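Chain and residue survey
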There are 2 protein chains.
Amino acid sequence: MTSSAARTSPRNGAGNGKAPRNDADEVGLDALVGHAGYAVRRFQIWIFQDFIKTLGAVDIRPTQYSVLTVIGANPGLSQMAVAKRLGIERARLVHLLDSLEQRKYVKRIKSKTDRRSHALHLTAQGETALARFKHLAAEHERNVEARIGRENRQQLLRILADFT
Amino acid sequence: MTSSAARTSPRNGAGNGKAPRNDADEVGLDALVGHAGYAVRRFQIWIFQDFIKTLGAVDIRPTQYSVLTVIGANPGLSQMAVAKRLGIERARLVHLLDSLEQRKYVKRIKSKTDRRSHALHLTAQGETALARFKHLAAEHERNVEARIGRENRQQLLRILADFT
DNA sequence: TATTGTTATACTCTATAACTATA
DNA sequence: TATAGTTATAGAGTATAACAATA
């Protein structure tokens, strides 16, 4: 929400001497403009908030969605493999899976070949639900497109392709 | 760190029937590829980690840097104004400023005009330190450029300009 | 009444370490 | 000895609510 605030007067610091206004809408950022990290962080906040809102009716957050998607595309995966792939701590994945298993979207099945590990699968209910989630996620993606433009979204995906 | 893992074989799920390999480097993402939010999140993690590492010697994190930069460019700002501008909760800014004040980078000066509020200023030491931080931040920015390319970084800044 | 700074609480996420059962 | 899953703890970060002083 914060990042969608009006952004009309880009800057005012640096060159104008002193005693700046105490008005939030007139605050200059200076060196922050030109920092990729700052822009990316603000955008990431916006995009996650839109995702959470768009999938609010089904109560699915970005990380939960990514876990379901990866399991759906790679049934039988171990917890370690999912954690590694998504860059999630395995300790945290335990709790994420506890929740998804409680909601009957995911099953942990004891592996026959390595009795330490679990093979992860979607339940039938999980498959159905994921289809709906994907539909809503596509709607979210259209929101992104509406916010930054079709061309810009394409370029963004291209630029960041090898971070996925 | 996780996001810099080898990314050679893009996918393998969806079309190949069943019983996929249990090997983390071969896990397909499917629907996750094509989600701007996922790419942006992974990139943001990488970029923040590089920032933290590059400014590790001076022990300054991205949020601390943004607070110092905004105060440096707009001396006399109130806490509310800084919080609003950076999208930080004012409750959280209190603790951030406590830490920066303890380290002698920032002063809280009672406002004469509105005795509820504090006018924020860098100390002389804060000014000197910030100059060094900016130098290191520029080094970080060059790391970003090296990672995604000069052209791509420019485009990214252009695309996300109105989120800053 | 509303706002500024503050304190406090709760929940999410990240980072570790340690434990167990297996390998 | 190393690894998979689990449990626990501590630190950021976010979201709220409430309070005192002041407007």
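The structure displayed is predicted, hence computed values, not measured ones. (Residues numbered from 1 in each chain as written. Chains lettered and ligands numbered in written order. Predicted model: local features only at pLDDT ≥ 70, side-chain atom pairs only at ≥ 80, totals over all residues. Heavy atoms only, no water.)

Some remarks on the confidence of the model for chain A
Residues with a pLDDT of 70 or more make up 84% of chain A, whose mean pLDDT is 85. In the predicted structure, residues 1-24 of chain A sits below a pLDDT of 50 and forms 36 contacts with residues beyond four places in sequence or in another chain. (pLDDT = per-residue confidence, 0-100. Contact = heavy atoms within 4.5 Å.)

Notes on the interface of chain B and chain A
The parts lose accessible area when they come together, and the size of an interface is often stated as this lost area. Contacts between the two partners involve 63 residues from chain B, matched on the other side by 64 residues from chain A. Roughly 6200 Å² is buried in total at the junction of chain B and chain A, and carbon and sulfur atoms are behind 64% of that figure. On the chain B side of the contact with chain A, B:Arg85, B:Phe163 and B:Thr164 bury the most area, a combined 13% of that side's loss. Run the count over chain B and chain A and you get two salt bridges. A salt bridge links B:Arg147 to A:Asp162; the shortest N-O distance between them is 3.1 Å. For the pair chain B and chain A, the interface holds 16 residue pairs in polar contact (both at pLDDT 80 or more). Of all the elements in the fold, those that place two or more residues in the side of chain B that touches chain A are helix 1 (36-54), helix 2 (62-73), helix 3 (79-86), helix 5 (124-148) and helix 6 (150-159) of chain B. (Buried area = accessible area lost by both parts, 1.4 Å probe. Salt bridge = Lys/Arg side-chain N within 4 Å of Asp/Glu carboxyl O. Polar contact = N/O pair within 3.5 Å; in protein donor to acceptor, adjacent residues only side chain to side chain. Helix = DSSP H or I, 4+ residues; strand = E, 2+ residues; numbered from the N terminus.)

Re the protein's contact with DNA strand D
Around DNA strand D, 19 residues are found, and the nearest of them are A:Gln79, A:Met80, A:Arg108, A:Arg116 and B:Arg92. At 2.8 Å from a phosphate oxygen of DNA strand D is found a side-chain nitrogen or oxygen belonging to A:Gln79. Between B:Arg115 and DNA strand D, the recorded distance is 2.9 Å, taken from a backbone N or O atom to a phosphate oxygen. Contributions of two or more residues to the surface near DNA strand D are made by helix 3 (79-86) and helix 4 (90-102) of chain A together with helix 4 (90-102) of chain B. Tallied by class, the residues present in the surface near DNA strand D amount to four nonpolar, five polar and 10 charged. (Near = heavy atom within 4 Å. Nonpolar A, V, L, I, M, F, W, Y, C, P; charged D, E, K, R; others polar.)

Side note on the protein's contact with DNA strand C
Among the 19 residues in the neighbourhood of DNA strand C, the closest are listed as A:Glu89, A:Arg92, B:Met80, B:Arg108 and B:Arg116. Sugar and phosphate atoms represent 66% of those atoms of DNA strand C found within 4 Å of the protein. The contact in question runs from a phosphate oxygen of DNA strand C to an N or O atom on the side chain of A:Arg61, over 3.2 Å. Of all the secondary structure elements, the ones that give two or more residues to the surface near DNA strand C are helix 4 of chain A together with helix 3 and helix 4 of chain B. For the surface near DNA strand C, the class distribution of residues is four nonpolar, five polar and 10 charged.

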